[in-house]
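Here is how the chains run, residue by residue.
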Amino acid sequence: MNVKKIMVIGAGQMGAGIAQVCAQAGYSVVLNDLKQEFVDRGLAVINKNLSRQVEKARLTQQQMDEFINNLIPSTNITDATEVDLVIEAAVENMEIKTKIFKQLDEIVPDHVILASNTSSLPITEIAAATNRPEKVIGMHFMNPVPVMKLVEIIRGLATADEVYQTIEDITKTLNKIPVEVNDFPGFVSNRILMPMINEAIFTLYEGVATKEAIDEVMKLGMNHPMGPLTLADFIGLDTCLYIMETLHEGFGDDKYRPCPLLRKYVKAGWLGKKTGRGFYVYE
């Protein structure tokens, strides 16, 4: 299948990153969100990222201008009627995602593939909200999207082989590395990463060591680029909690029980870097 035009739904950190790499790969990209201010914020982030590349002489100003010209702002979901692929990057919430997919299914042409950037929710359940489950697939990009090479591609129960192949091919055109994963809670990345972060929070909660010590052990002893508590702050503690709850509910196994300290911080509104405070304080 020939994909020329892509809509990205959600202009936040992940959506803007996905839109940027698609635009850089030469696709025409509709960046959609609920409000114009959200779209403008996403476009400003893309502009800033590309400008930095120009300053470092990794891009020419002409290339940057071409990439920016590939981006089309949108606040109307019906703009999806003119695209070949939709990549949804809305908030990590099943109710919101299924509502978006149900809406898209009713308005887009039959050939359109619907992909979700979900980091933990079942693709099969999202696909069940549509009448085209064979054309629904997971495309889980890593954060920050322009830098990280991996895309987990998740088949739902009904995803067609042709759809999988199309998405794998598109991923390669984005200069990313596709890895096929089956539809289980958390897939591979978050099934392994989030319990590690949760265990680090338990280690702090139980007074085994300070947050700085826990992060240093994992950086210096395990060669991680950043400690798990710093990473949790960057991901967002609300997102970490939501994924742990998805794993706990999905597997019914108490080894995925979220740490009470994680719940406490989320209830306090200490969500990490985005709110200025999580395990660490950010100016």
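Cut-off values and rules
- Residues numbered from 1 in each chain as written.
- Predicted model: local features only at pLDDT ≥ 70, side-chain atom pairs only at ≥ 80, totals over all residues.
- Heavy atoms only, no water.
- Helix = DSSP H or I, 4+ residues; strand = E, 2+ residues; numbered from the N terminus.
- Rg over C-alpha atoms; globule rule 2.2 N^0.38 Å.
- Contact = heavy atoms within 4.5 Å.
- Areas by Shrake-Rupley, 256 points an atom, 1.4 Å probe, with all protein chains shown as cover.
- Lys, Arg positive; Asp, Glu negative; His and termini not counted.
- Charge placed at Lys NZ, Arg CZ, Asp CG, Glu CD.
- Core = buried A, V, L, I, M, F, W, Y, C linked by side-chain atoms within 4.5 Å.
- Buried < 20%, exposed > 50% of the residue type's maximum accessible area, 1.4 Å probe, protein only.
- UniProt positions renumbered as here; feature names shortened; annotations may be inferred.
- 1 Å grid on protein atoms, 1.4 Å probe; cavity = no way out; pocket = protein on both sides within 12 Å on 5 of 7 lines; lining within 4 Å.
- Points joined across faces, edges and corners; volume = space filled by probe spheres on them.
- Nonpolar A, V, L, I, M, F, W, Y, C, P; charged D, E, K, R; others polar.

S.K.: Is there a simple way to explain the overall build of the chain in this structure?
M.R.: Each helix and strand in the chain was counted, giving 11 helices and 8 strands. In terms of C-alpha radius of gyration, the chain reaches 19 Å, essentially the compact-globule figure of 19 Å for 283 residues. Its C-alpha atoms give the chain principal-axis dimensions of roughly 55 × 45 × 30 Å. Taking the intrachain contacts of the chain between residues at least 6 apart in sequence as the baseline, contacts between residues at least 24 apart amount to 66%. Summed over all atoms, the accessible surface of the chain reaches about 13,900 Å², with 53% contributed by carbon and sulfur. Measuring between centres, the 28 positive side-chain charges of the chain sit 5 Å from its 36 negative side-chain charges.

S.K.: Would you take a moment to explain the nonpolar core for this structure?
M.R.: Within soluble globular proteins, side chains that are nonpolar generally end up buried alongside one another. Leu85, Ile87 and Phe141 are the most contacted members of the largest nonpolar core, which totals 38 residues. Looking at this core element by element, the count peaks at 7 residues for helix α1 (residues 13-24). In this view, Ile87 contacts Ile6, Met7, Val8, Ile9, Ile18, Cys22, Ala115, Met139 and Phe141; residues no more than four positions away in its chain are not counted. The next biggest cluster of nonpolar side chains, apart from the first, holds 23 residues, and it includes Ile197, Ile201, Leu237 and Leu247.

S.K.: I tried to follow the UniProt feature "domain: 3-hydroxyacyl-CoA dehydrogenase NAD binding" (unreviewed entry) in the chain on my own but got confused; where do I start?
M.R.: Here the UniProt feature "domain: 3-hydroxyacyl-CoA dehydrogenase NAD binding" (unreviewed entry) sits at residues 5-183. The distance from the first to the last C-alpha atom of residues 5-183 is 27 Å, and the span holds 41% helix and 22% strand.

S.K.: Mind showing me how you'd approach the layout of surface pockets here?
M.R.: The volume enclosed by the second largest pocket comes to roughly 180 Å³. Forming the boundary of the second largest pocket are Leu121, Pro122, Glu125, Pro185, Tyr242, Glu245, Thr246, Glu249 and Gly250. For the lining of the second largest pocket, the element with the most residues is helix α10 (residues 237-251), which contributes 5 residues. For the lining of the second largest pocket, the class distribution of residues is 4 nonpolar, 2 polar and 3 charged.

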